[in-house]
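Descriptive analysis of the structure
Read off the chains here:
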Amino acid sequence: MQYNFNEIEAKWQKYWAENQTFKAENDSEKEKFYVLDMFPYPSGAGLHVGHPLGYIASDIYARYKRHKGFNVLHPQGYDSFGLPAEQYAIQTGQHPAVTTAANIKTYRRQLDQLGFSFDWSREVRTSSPEYYKWTQWIFIQIFNSWYNKDTDKAEDVETLIAKFSTDGNTNVNAVCDDDIEPFTAEEWTAFSDVKKQEILLQYRLTYLADTEVNWCPALGTVLANDEIVNGVSERGGHPVVRKKMTQWSMRISAYAQRLLDGLNKIDWPQPLKDSQTNWIGRSQGASAVFNVKDHDEKIEVFTTRPDTIFGVSFMTLAPEHELVSKITTVEQKAEVEAYIEATAKRSERDRMADVKTISGAFTGAYAEHPFTKEPIPIWIGDYVLAGYGTGAVMSVPCGDQRDYDFAKHFNIPIPNIFEGVDISEEAFADKDKTVIANSDFLNGLPYKKAMKLAIYELEKIGHGEGKINYRLRDAVFSRQRYWGEPFPVYYVDGMPQMIAKEYLPIALPEVEKYLPTETGEPPLGNAEVWAWCNKENKVVSNDKIDNETVFPLELNTMPGWAGSSQYFNRYMDPHNNEKIFSENAINYWQDVDLYIGGSEHATGHLLYSRFWQKFMFDKGLVPKDEFAKKLINQGMITGTSAFVYRDEDGKTLISKGLIEGRNVTPIHADVSLVNASDELDVEGFKKWRDEFADAEFITEEDGTFKVGREVEKMSKSKYNVVNPDAICEEYGADSLRLYEMFLGPLEQSKPWNTAGITGTHSFLKKLWRQFHTGENASFLVSEDEPSKESWKTLHKTIKKVEEDIENFSFNTSVSTFMICVNELSSQKCYSRKVLEPLAILVSPYAPHIAEELWNKLGHTESIATAPFPKFEGKYLVESSKEYPISFNGKMKFTLELSLDLSKEEIEAAVMANEKTQQQLQGREPKKVIVVPGKIVNIVG
């Protein structure tokens, strides 16, 4: 019987689906283990062979844990809202729901054919109203909460209202807006309802505010920083500008310190932790206040170096700072406005990264030094960001290189306040070697003492205080898109109102156009039925808006990270329509035990999810304030791209071997048009790229046209993707799974080479033959007792594979399997006692062939929960030793002897051996050297 992998794999995929083999229970007596993958966005391109890498690893571990007796939750779903589907809808007019459903169908087929042990009964889709009902519900919980610094957690906003009603707000210790005005209990009671709502918005954990955002006019939406590359949108390459918009924001900054502290108790990769630590950016220093001359305005700055306050020679404001328009003089107005307009075209990320370009504009205004009362010129510069700190810095050029370069460029004085330091070439920033000079009461002090005294003196004159600052900014939570979660919000007198839980979900309405309206409103402004009737508690037609019982609904939708911030908890009880999850489910599963996904989500999804989890913990909804105990970032499988070379005339393409000395431009070619010898199918290329249909192709001497090769990220845009469908068809899913693991350590990037898969495919055929013998290759497993060597082979394999899986060293397991089967083959081992546990060992890696062999071994149940073989060390303990028997230092033969023998017994056994007597030919040896466990040397 041949190894018919296509038939075998189809058979067992059907069996698993029909029998729900991998369905997890919420009330099992078994110990739980929750394995999770970052769920995919279902693009139209489907999966390529790089995508399943993490899924294969998580599947191996999930299957292993089932063998170990755990109740394993291994769910899967789809992050199915997002901009790509909407852009496709704009281009084709096809509803995003239709294309998303088609894409999901493709993904599901591809995931199933790879043999993953997902519990598909728990599938979630973020674009399903049944799912985003609970995203909307969590938004409402966050809206109805404030952060109490005294208790260091989120609390219901009703407790805040109670404080206002009895004591006003002067003693409220909350995370809130900066410009809070004090009021008494009596004043609170007298405020209008709208005024009260405006005040509460300054405290709520999600709030409306005018925010500087990345606006992409071509896409008609706000983009997150990680959606912008080199100043343009990652999708489509469209220009992005900074502008102010009224946006929903999440007060994630309230959790900055807890997000830092939480990193100490989770087993996540250190580079990822470092990314979050840097992103949160905790700094200790002081808040200092500078009066603006000839104005009532003040400039507040945060500085980590208050000890250098006497070195301030200018102030720098972010171009977007609200004071700029108020303090700029008439003479400087044109220059300042032009600079602001130019800056708006650069993303924050570009501005932070670009340390070479020096630009700025003088406002014409001056600040007053809090101690010396000297005038300080106020500039604007794009190296200062409105959203970081206060959007203003006290510029100390002698102690900060950016300030130094700025001062040099614009001929601003650079006073030296450091004792014994030369600043003629560069700034001096070594805090530990600092001794302050030319600084009045700080003279002669080292950094730490000077810092404390500077803060004390600032507090004494009412111009500052000691402060801890965080780089982390509140997260913008609005997008001007159609294909996203609708907000459960309507507006009365311009104030947001939440829709009650019993009327959720508020589903997306139908629209004819997916672009913003002609008046610039988000796409939901095109909906005709998008108003809320609070009398009937339902969505009604816009023409019924009367501002008495029917009110406008929010036109923005939630961002991409909304649906992914709690999906791991929803998997625990995905079909519960009454609660986000039951107490029974959350208390049983608790948290994710193993999470596998990409490091690119470090400061996006993985940070926002931790924030939501901590909020839900504060509200008593979840038992853990971190959602995932262990996280592994899988590496990337790269593709080997192919290039043709266009000559400078633009009409000629030149073979790789002939480009030396020519001015050529490399152009990606589809790898499917290139054979294993790097030869291009020229006619196929002409049909694929019709602009080259009439091009001249200069070939090698043998008439072939060779392409260049380069390892790059596997991407559809680089035409180097390999479709897993073709691989599964030719080699089988088990071969693909083994090969992806065999390529190298899980965390590392490694190049794909289709030719290499033949090695793992050959191994599977050899494994199959180990269970089959004879001319007809019929199934043959004996009941014989295994040899000592076969027992040893099995148990060293058990030991190694178990260690490898526990250490996520899956690549070395594949090597171990190959060695094992080679040894068993040479030992001619067909014993059930060895081959049955071998099938279980292989099962997590190559589940289809393992199921088939298990079935042939006579089992009627799936191999999925068969107990993992137990390692027994006794089989690896050597009971005998094969001694080299030497005569005068030259080995003549070997002799196997028990390790229990004494020195004298070893000598007696060797001397009595027939081969020894033949070598001696009747002579008496001068001496016999015996080293137990090593050698025997007979000296003649």
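Above: the structure in question.
1. Observations regarding the overall build of the protein
Secondary structure summary: the protein contains 28 helices and 37 strands in total. Overall size of the protein, expressed as C-alpha extent along the three principal axes, is 120 × 75 × 75 Å. Residue pairs at least 24 apart in sequence account for 71% of intrachain contacts in the protein once pairs closer than 6 positions are excluded. Counting 104 positive and 138 negative side-chain charges, the protein places the averaged centre of each group 6 Å from the other.

2. A short note on the environment of Thr206
Position of Thr206 among the secondary structure elements: in strand S6 (residues 206–216). The class of Thr206 is buried, set by a relative accessible area of 0%. Along the chain, Thr206 and Thr21 lie 185 residues apart, while their C-alpha atoms are 42 Å from each other. If we skip the residues at most four places from it in the chain, Thr206 touches Phe139, Ile142, Phe143, Trp248, Ser249 and Met250. There is a polar contact of 3.0 Å between the side chain of Thr206 and the backbone oxygen of Ser249.

3. Overview of the environment of Tyr383
For Tyr383, the position within the fold is in the loop between strand S15 (375–380) and strand S16 (392–395). Considered as a pair, Tyr383 and Gly115 are 268 residues apart in the sequence and their alpha carbons are 51 Å apart. In contact with Tyr383, other than residues within four places in its own chain, are Phe314, Thr316, Ser395, Arg402, Asp403 and Phe406. A polar side-chain atom of Tyr383 sits 3.3 Å from a polar atom in the side chain of Thr316.

4. Considering the packing of helix H21 (residues 733–742) against helix H24 (residues 810–826)
Orientation of H21 relative to H24, taken along the N-to-C sense of each, is 120°, at an axis distance of 7 Å. The pairing of H21 with H24 is recorded here as oblique in orientation. Each of Leu738, Met741 and Phe742 in H21 lies in contact with H24, whose residues at this interface are Phe810, Asn811, Val814 and Ser815.

5. With respect to the sheet that holds strand S25 (residues 628–633)
Judged by pairing direction, the sheet is parallel, and its four strands sit side by side in the order S2-S1-S24-S25 without closing on themselves. Strand pairing shows two members of the sheet lacking a second neighbour, strand S2 (71–73) and S25, which therefore form its edges. Between one strand and the next, the sheet's axes are offset by a mean angle of 20°, whatever the strand orientation. Of the pairings in the sheet, the one linking strand S24 (residues 592–597) to S25 comprises five bridges and is parallel in character.

6. Structural notes on unusual backbone geometry
Peptide bonds are mostly trans, and most non-glycine residues show a negative phi. Leu504 connects to Pro505 through a cis peptide bond whose omega is 0°. Mapped onto the fold, Pro505 is located in the loop between strand S20 (495–498) and strand S21 (531–533). Phi angles above zero are rare outside glycine, and Asn438 is one such case at about 50°. The residue Asn438 is located in the loop between helix H14 (401–409) and helix H15 (447–460) in this model. We classify Asn438 as exposed; its relative accessible area is 59%.

7. What to know about the packing of H24 against helix H25 (residues 832–842)
Between H24 and H25, whose axes approach to 12 Å, the crossing angle comes to 165°. One finds that H24 runs roughly antiparallel with respect to H25. Along this stretch, H24 crosses H25, giving a crossing that reads as left-handed. Facing H24, whose interface residues are Phe817, Cys820, Val821 and Leu824, H25 presents Val834, Leu835, Leu838, Leu841 and Val842. When grouped by side-chain class, the residues that make up the contact of H24 with H25 number nine nonpolar, no polar and no charged.

8. Quick look at the environment of His605
Note on placement: His605 falls in helix H18 (residues 605–618). In sequence terms His605 and Gly563 are 42 residues apart; their C-alpha atoms lie 9.8 Å from each other. Discounting residues that sit within four places of it in the chain, His605 has contacts with Met38, Ser564, Tyr567 and Tyr595.

9. Some details on helix H4 (residues 96–113)
With 18 residues, H4 should cover 26 Å at 1.5 Å per step; its first-to-last C-alpha distance of 26 Å lies within 8% of that length. For H4, the set of buried residues is Pro96, Thr99, Thr100, Asn103, Ile104, Tyr107, Gln110, Leu111 and Gln113. The elements touched by buried residues of H4 are helix H1 (5–19), helix H2 (52–67), helix H3 (83–92), helix H20 (724–730), H21 and helix H26 (847–856). Downstream of H4 by one or two residues, Gly115 has phi in the positive range, about 75°.

10. Description of the packing of aromatic side chains
Inspection of the entire model under this criterion finds 71 aromatic pairs. One aromatic cluster is present, formed by Phe33, Tyr61, Tyr64, Phe70, Phe808, Phe810, Phe817, Tyr845 and Phe868 through successive ring pairs. Seen from the ring of Phe191, Lys195 lies directly overhead, with NZ or CZ sitting 5.8 Å from the centre.

11. Concerning the pairing of strand S4 (residues 153–156)
In summary, the side chains of a regular strand alternate between the two faces of the sheet. Here four bridges tie strand S3 (residues 145–148) to S4, and the two strands are oriented antiparallel to one another. Looking across to S4, one finds that Asn148 is bridged to Lys153. Following S3, the chain reverses through four residues before pairing antiparallel with S4; Asp152 in that reversal takes a positive phi of roughly 55°.

12. Section: a nonpolar patch on the surface
The grouping of Ile929, Val931 and Ile935 at the surface amounts to a nonpolar patch, some 200 Å² of accessible area in total. On the secondary structure map, Val931 appears in strand S36 (residues 927–931).

13. Concerning the pattern of salt bridges
Taken as a whole, this structure holds 43 salt bridges when the rule is applied. A salt bridge links Glu803 to Lys799; the nearest nitrogen and oxygen atoms lie 3.0 Å apart. Highlighted residues: Glu803 and Lys799, both in helix H23 (residues 788–806), separated by four residues, approximately one helical turn. Since its relative accessible area comes to 34%, Lys799 is described here as partly exposed. Here the residues in one salt-bridge network are Lys32, Asp591, Asp593, Lys624 and Lys629, joined through shared partners.

14. Details of helix H12 (residues 333–343)
Here H12 has its buried residues at Val336, Tyr339 and Thr343. Looking straight down H12, one finds its buried side chains confined to an arc of 65°; they lie on one side. Along H12, exposed side chains directed more than 90 degrees from the buried face belong to Ala334 and Glu341. Summarising the contacts, the buried residues of H12 are in contact with helix H11 (324–327), helix H13 (348–353), strand S14 (361–368) and S15.

About the criteria used
- Residues numbered from 1 in each chain as written.
- Predicted model: local features only at pLDDT ≥ 70, side-chain atom pairs only at ≥ 80, totals over all residues.
- Heavy atoms only, no water.
- Helix = DSSP H or I, 4+ residues; strand = E, 2+ residues; numbered from the N terminus.
- Contact = heavy atoms within 4.5 Å.
- Lys, Arg positive; Asp, Glu negative; His and termini not counted.
- Charge placed at Lys NZ, Arg CZ, Asp CG, Glu CD.
- Buried < 20%, exposed > 50% of the residue type's maximum accessible area, 1.4 Å probe, protein only.
- Polar contact = N/O pair within 3.5 Å; in protein donor to acceptor, adjacent residues only side chain to side chain.
- Axes fitted to C-alpha atoms, helices over the stretch in contact; angles between N-to-C directions.
- Parallel < 35°, antiparallel > 145°, perpendicular 65-115°, else oblique.
- Pairing = 2+ DSSP bridges.
- Left-handed = near helix turned anticlockwise from the far one by under 90°.
- Nonpolar A, V, L, I, M, F, W, Y, C, P; charged D, E, K, R; others polar.
- Expected span 1.5 Å × (residues − 1).
- Phe/Tyr/Trp six-rings, centres within 6.5 Å; stacked < 30°, edge-to-face > 60°.
- Lys NZ or Arg CZ within 6 Å of the ring centre and 35° of its normal.
- Patch = residues over 30% accessible without salt bridge, like charges linked within 9 Å, V, L, I, M, F, W, Y side chains within 5 Å.
- Areas by Shrake-Rupley, 256 points an atom, 1.4 Å probe, with all protein chains shown as cover.
- Salt bridge = Lys/Arg side-chain N within 4 Å of Asp/Glu carboxyl O.
- Arc of directions from axis to C-beta.

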